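These are the residues of each chain, in order.
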Amino acid sequence: MSDRPLSRKIVKLIALITGPSTAHRQDIWPHLTINRTDGRVAWRGRDLLTLSRFSNIVPQRGKLLAIVGSGPSLGQQHPQNLPPRTAILLNGAATLAPRITPCAVAVEDERFIFRHIQMLADLPQETPLLLSPAALRAIAELRLDVLADRPIALIDNLAKPVNRPRRLLDDPDLDPVVARDAATGLSRDPDTGVVIVGTVAFSALQIALAATPQQIVLAGIDLSNAAAPRFYEKAGDTAPSGIITGLDRSLAAFALARDYAGGNGIALTCASPISALLSLGIPYTDILE
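Residues numbered from 1 in each chain as written. Predicted model: local features only at pLDDT ≥ 70, side-chain atom pairs only at ≥ 80, totals over all residues. Heavy atoms only, no water.

### Let's talk about the nonpolar core
Note the cut-off: Joining through side-chain atoms within 4.5 Å is the link that ties buried Ala, Val, Leu, Ile, Met, Phe, Trp, Tyr and Cys residues into a set, and such a set is a nonpolar core. In this scheme, a residue with accessible area under 20% of its type's maximum is buried, one over 50% is exposed, and one in between is partly exposed, where area comes from a 1.4 Å probe on protein chains only. Under the DSSP-based scheme used, a helix requires at least four consecutive residues in state H or I and a strand at least two consecutive residues in state E, with every element numbered from the N terminus. Pairs of residues are marked as contacts when any of their non-hydrogen atoms sit within 4.5 Å.
Core analysis: the biggest nonpolar cluster contains 51 residues, and Ile88, Leu130, Phe254 and Leu277 have the highest contact counts within it. At the level of secondary structure, the elements contributing two or more residues to this core comprise strand 4 (64-68), strand 5 (87-90), strand 6 (104-107), strand 9 (178-180), helix 5 (200-210), strand 11 (215-219), helix 6 (247-263) and strand 12 (267-270). At 9 residues, the largest contribution of residues to this core is made by helix 6. Excluding residues that lie within four positions of it along the chain, Leu277 makes contacts with Leu218, Ile221, Leu223, Leu251, Phe254, Cys270 and Ile282. Counting residues in hydrophobic clusters, the runner-up holds 44 residues, among them Val41, Ala93, Leu147 and Ile152.

Written as C-alpha cells, this is what we have:
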C-alpha cells in the first residue's frame, strides 16, 4: 500500500494531464515556492527559510566522507566507527544520528516523509537536511517545526528542475555541469542540480564527490537485497522499494561515479560486504567492522 496520501495522488494525476514537460511542478504545488536565484523558500505565501549551499553543510576537501544507507548489512556493522560529521545519512539511516553525529540527513522520496516524519522530528535541531522539492513540501505539510532554524539544502533534479520545463541530460546548456558516459551522467555542481537515478544514495554521492574528500565510503548501500527489511525495520512492516526494478540504471550511474572519482584522485570504497557495488570493482573497506 502506498504511503502517499490520496490528495497527493490526485495532484500528481492532474499534473500529468497538464503535460509531461511540466508535470514535475506537482512536487511543490500548491503551497511551496522556491526561488532558485536567491534561495528563498515560501510556504502559503509566507517566508519559510533560505536554502543553504551544500558546501556550507558538507565538509570540503577532508579526509573522509561517508554515504550511509539503510541496507540490512548495516545491522551487523558499527557505523559509530565513522568520525563525527563525516556521514550523510539517507532516509531511515537518520536513526543513527544519536550514535554518529552526521553532517547531514538526505531524503528524496516524499513517501518516506509521510511514513517516517517522526524520524526527522527526532533529529537534533542543528542537523542539516538535504531535501528534494517534494520532500521539502511534504515536511512543510506535516511538521513546519522540523524545518525551523535548521540548515536546509535542495536536491534539485537537473532533468526536471524547479520552476523550469523538463529537459534531457544531453542538453548543451548542461555541458558545464554534467559529466556523462554512454549510459548516464552525474553532476559536477550539485547546487545547480543532480542527476536522479532512483536512489538517493547516488544524489548524495554527487554531493560528496563535489566536496573532493580523499575517500568516500558507501555504507549500507546493498542494492542486492531490497526486498529484505532495512536495518531499522521489522519483518512484515517494511516500506516497498523500487531499487531492484531500476538496478541496472543505478549500477550504471555508480560505475560512472567510480570512474569520475578515480579521475579526480578520490578513493571510492564500499563498506557493505554484500553490496552489488562490489561487482563494479569498487573496493571493499572494513572501516565498519
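Text resumes after the structure shown.
### Quick notes on the pattern of salt bridges
Rules: We define a salt bridge as a side-chain nitrogen of Lys or Arg found within 4 Å of a carboxyl oxygen belonging to Asp or Glu.
The tally for this structure, following the rule as stated, stands at 9 salt bridges. Linking Asp191 and Arg53 is a salt bridge whose minimum nitrogen-to-oxygen distance equals 3.3 Å. On the criterion of sequence distance, the pair formed by Asp191 in the loop between strand 10 (185-187) and helix 5 and Arg53 in the loop between strand 3 (46-50) and strand 4 is long-range, its members being 138 residues apart. Overall, the relative accessible area of 19% leaves Asp191 in the buried class. Classification of Arg53 as partly exposed rests on a relative accessible area of 45%. Asp109 is paired through a salt bridge with Arg111; the nearest N and O atoms lie 2.7 Å apart. In the salt-bridge network here, residues are joined through shared partners; they are Glu110, Arg137 and Glu141.

### Points about the sheet that holds strand 3
We apply this condition: At least two bridges found by DSSP between two strands is the condition for calling them paired. Axis definition: a line fitted to C-alpha atoms, over the contacting stretch in the case of helices. Angles run 0 to 180 degrees between N-to-C directions.
If you trace the 3 strands from one edge of the open sheet to the other, you get 1-2-3, paired in antiparallel fashion. The open sheet is flanked by strand 1 (32-34) and strand 3, the only strands paired with a single partner. Strand-to-strand, the axes of this sheet are offset by a mean angle of 25°, without reference to chain direction. Inspection of the sheet shows strand 1 paired to strand 2 (residues 40-43) by 3 bridges, in the antiparallel sense. Each bridged residue has a counterpart across the sheet, and for Thr33 the counterpart in strand 2 is Ala42.

### Focus: the sheet that holds strand 11
Here 7 strands make up an open sheet; going across it, the order is 8-7-6-5-4-11-12 and the pairing parallel. With one partner strand each, in any of the chains shown, strand 8 (152-154) and strand 12 form the two edges of the open sheet. Direction aside, neighbouring strands of the sheet carry axes that sit 20° apart on average. The sheet contact formed by strand 6 and strand 7 (residues 129-131) spans 3 bridges and is parallel. Residue pairing across strands places Ala106 opposite Leu130, the latter belonging to strand 7. Strands in contact with helix 4 (residues 133-142) are strand 6, strand 7 and strand 8; relative to strand 7, the strand with the most contacts, it is inclined by about 115°.

### Re the side chain of Thr86
We count it as follows: Between N or O atoms, a polar contact is any pair within 3.5 Å; within protein, one atom must be a potential hydrogen donor and the other a potential acceptor, and residues adjacent in sequence are included only when both atoms are from side chains.
Tracing the chain through its elements places Thr86 in the loop between strand 4 and strand 5. In this structure the side chain of Thr86 is engaged in a polar contact, spanning 2.6 Å, whose partner is the backbone oxygen of Pro83. Thr86 has contacts with Leu64, Leu65, Ala66 and Cys103, leaving out every residue within four places of it along the chain.

### Describing a positive patch on the surface
Selection criterion: Exposure above 30% relative accessible area and the absence of a salt bridge qualify a residue for a patch, where like charges join within 9 Å and nonpolar side chains (Val, Leu, Ile, Met, Phe, Trp, Tyr) within 5 Å. Throughout, the Shrake-Rupley method with a 1.4 Å probe supplies accessible areas, and for residues the shown protein chains are the sole cover considered. Charged-residue counts in this description rest on Lys and Arg as positive and Asp and Glu as negative, His and the chain ends being excluded. Lysine's charge is taken at NZ, arginine's at CZ, aspartate's at CG and glutamate's at CD.
Together, Lys12, Lys160, Arg166 and Arg249 give the surface a local cluster of positive charge. Mapped onto the secondary structure, Lys160 falls in the loop between strand 8 and strand 9. Overall, the relative accessible area of 32% leaves Lys160 in the partly exposed class.

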